[in-house]
Amino acid sequence: RVCACMGVGVGVRVLTHFQSQFAELYAWLVRICTEHNINDTGLVKCFLQLLLKLTDACKASLSVVRRLCRDIHCHLGDVEEDVELDDQATTFAMVNPRTAAPTVLALVCSHIEMVLDSVNWIIAKAKMSYLAPDAGEEDDMQDGRVLVENIEQPVCQRLVSAVSAANDIVQSAIPPGLSREHILKMCKVLYTTLGALAKFQLSLYNKQQGNVSGSFQKLVTLTGSHLAQEVYSFITYIQLPDNEPALNGGGQVTAKKTKKGAKAAKKPAGTGKVVPSHVAREQRAIPALIFAIEQYERFLIQLSKKSKVNLMADFKRSTARDFRINGAVLEAALLQQQRASDDEDEEDDEDSLMPADDDTCPPAKKANGAGGSGGLSKKLARRTVHHKEVNTGGGTGSNGGRCHDDEEDEDEELQLLAEDCAMEE
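Residues numbered from 1 in each chain as written. Predicted model: local features only at pLDDT ≥ 70, side-chain atom pairs only at ≥ 80, totals over all residues. Heavy atoms only, no water.

Engineer: How should the overall build of the protein chain be read in this particular structure?
Structural biologist: A count of helical and extended segments in the protein chain gives 12 helices and two strands. When the 425 residues of the protein chain are sorted by exposure, 36% land in the buried category. Looking at the protein chain alone, contacts between residues at least 24 apart form 76% of all its contacts between residues at least 6 apart. In the structure as shown, the protein chain presents an accessible area of about 25700 Å², 53% of it carried by carbon and sulfur atoms. (Helix = DSSP H or I, 4+ residues; strand = E, 2+ residues; numbered from the N terminus. Buried < 20%, exposed > 50% of the residue type's maximum accessible area, 1.4 Å probe, protein only. Contact = heavy atoms within 4.5 Å. Areas by Shrake-Rupley, 256 points an atom, 1.4 Å probe, with all protein chains shown as cover.)

Engineer: Hey, could you run me through the confidence of the model for the protein chain in this one?
Structural biologist: Should the pLDDT be low somewhere, the predicted coordinates at that spot are not to be read in detail. Per-chain confidence: the protein chain averages 75 in pLDDT, with 62% of residues scoring 70 or above. Segment residues 358-374 is flagged for pLDDT under 50; beyond a separation of four residues in sequence, or across chains, it makes two contacts in the model. A low-confidence stretch, residues 385-403 (pLDDT under 50), is modelled with eight contacts involving residues beyond four sequence positions or located in other chains. (pLDDT = per-residue confidence, 0-100.)

Engineer: Mind showing me how you'd approach the nonpolar core here?
Structural biologist: What tends to happen in soluble globular proteins is that the nonpolar side chains get buried as a cluster. If you look at the biggest cluster of nonpolar residues, it comprises 92 residues, and the most contacted ones within it are Tyr191 and Phe216. Those elements that provide at least two residues to this core are helix 2 (20-35), helix 3 (41-58), helix 4 (63-76), helix 5 (100-130), helix 6 (138-170), helix 7 (178-206), helix 8 (214-238) and helix 9 (277-307). Leaving out residues up to four positions away in the same chain, phenylalanine 216 has contacts with Glu152, Cys156, Leu197, Ala198, Gln201, Leu300, Leu303 and Leu311. (Core = buried A, V, L, I, M, F, W, Y, C linked by side-chain atoms within 4.5 Å.)

Engineer: What am I meant to see in the packing of helix 3 against helix 5 here?
Structural biologist: Each pair of packed helices gets described by two things: the angle between the helix axes and the distance between those axes. Between helix 3 and helix 5, whose axes approach to 10 Å, the crossing angle comes to 25°. The angle between helix 3 and helix 5 falls in the class roughly parallel. In terms of crossing hand, the pair formed by helix 3 and helix 5 is right-handed. Facing helix 3, whose interface residues are Thr41, Val44, Lys45, Leu48, Gln49, Leu52 and Asp56, helix 5 presents Thr103, Val104, Leu107, His111 and Met114. Looking at the contact of helix 3 with helix 5, its residues break down into six nonpolar, four polar and two charged. (Axes fitted to C-alpha atoms, helices over the stretch in contact; angles between N-to-C directions. Parallel < 35°, antiparallel > 145°, perpendicular 65-115°, else oblique. Left-handed = near helix turned anticlockwise from the far one by under 90°. Nonpolar A, V, L, I, M, F, W, Y, C, P; charged D, E, K, R; others polar.)

Engineer: Sorry, what's going on with helix 8 here?
Structural biologist: With 25 residues, helix 8 should reach 36 Å at 1.5 Å per residue; the first-to-last C-alpha distance of 35 Å fits that figure. At threonine 223, helix 8 shows its maximal bend, which comes to roughly 40°. (Expected span 1.5 Å × (residues − 1). Bend = angle between axes of the 7 residues up to and from the residue.)

Engineer: Hey, could you run me through the side chain of threonine 193 in this one?
Structural biologist: If you trace the backbone, threonine 193 turns up in helix 7. Only 2.9 Å separates the side chain of threonine 193 from the backbone oxygen of valine 189, close enough to count as a polar contact. (Polar contact = N/O pair within 3.5 Å; in protein donor to acceptor, adjacent residues only side chain to side chain.)

Engineer: Explain a negative patch on the surface here, please?
Structural biologist: On the surface, a cluster of negative charge is made up of Asp342, Asp343, Glu344, Asp345, Glu346, Glu347 and Asp348. Residue placement: aspartate 348 occurs in helix 10 (residues 327-353). (Patch = residues over 30% accessible without salt bridge, like charges linked within 9 Å, V, L, I, M, F, W, Y side chains within 5 Å. Salt bridge = Lys/Arg side-chain N within 4 Å of Asp/Glu carboxyl O. Lys, Arg positive; Asp, Glu negative; His and termini not counted. Charge placed at Lys NZ, Arg CZ, Asp CG, Glu CD.)

Engineer: Before we go on, may I ask you to explain the environment of asparagine 167 in this structure?
Structural biologist: With respect to the helices and strands, the residue asparagine 167 is situated in helix 6. Asparagine 167 sits in the buried class, given a relative accessible area of 14%. When near neighbours in sequence (up to four residues on either side) are disregarded, asparagine 167 contacts His226, Leu227 and Glu230.

Dropping the structure here:
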């Protein structure tokens, strides 16, 4: 069957799209791809490659690519678990859960990259023709302006189709493997092309010949309102720990030890963990993709200032950078911290309402007690001083006898006063 498909491909090279046989062959090929459910990945790849080649030869749109991307999204599911998709509402029967990834997905990503390369070539050609240093005469400027007007709308339409197709792909729950790397690479090429077009528009304004058309505004709106947020969600999805491949653990992704794959696992510096090679490539591709997005948005900001048109109205501040900010995790951590502080406040309130123990006294009472014992000590000291004065002033005879009796009374008084002080303390 693969040989038969290759024979059909050889026949296509002989035919031209002006002949009726070409249209019949294209209709037959579309019927085969839409009606026959084939699990042979090699045959599916051969038929779909031929279909895409014939579509480019007879149609300017990317309608087939967009339908293929929608079918992939339906069969693989959405990155959001609560989103339900109807896998029966598909167009091509050849696209099924077995062939969707990586066979059809890699084929579609490669075709989109090829289309973007052609768009890049057109933009570079227009830039050379219109913005060349020797294009200063009025006739040359007029011809260049007509050239820009002729190519701008087709280029924008082509890019709108590519953005719509990429929007379906990045919403798909892609399994771990090379497919994710293909998607990241394709998105990087797409944003690089969008940045080249925005930079070309900016260069037209620098020559006082710029004009933001409706087709370009539609393209910018689509990238800001749909594609950008979905790309950031896809980056977050592939960085989740649950979506990492399980090594030596019965998953669909297994590591085979071959001579060529001896370097399939790498250890990052400073850690003892083994990282698969495709995961390491993904980690390198994500910063490159984010840089391309930021460059595109930077050119749009400059173009908005030049044209006085707010092209950034549909763009939102992103949370994906070289590091990832997970808003839900951050909010949960702040809520947990707030609850912990509330619990501590409640414990402090309970401690303040608890009755004091017998051994402990309030500070005010302790101060009063200390002040009372201090007063008794002062009385005792005065009595002692008075007793010493009496002793020093005492004489002999009857006065001495009275002094002796007074001393005994004073001693008893001092002893009683000392006992009272001791009991109060």
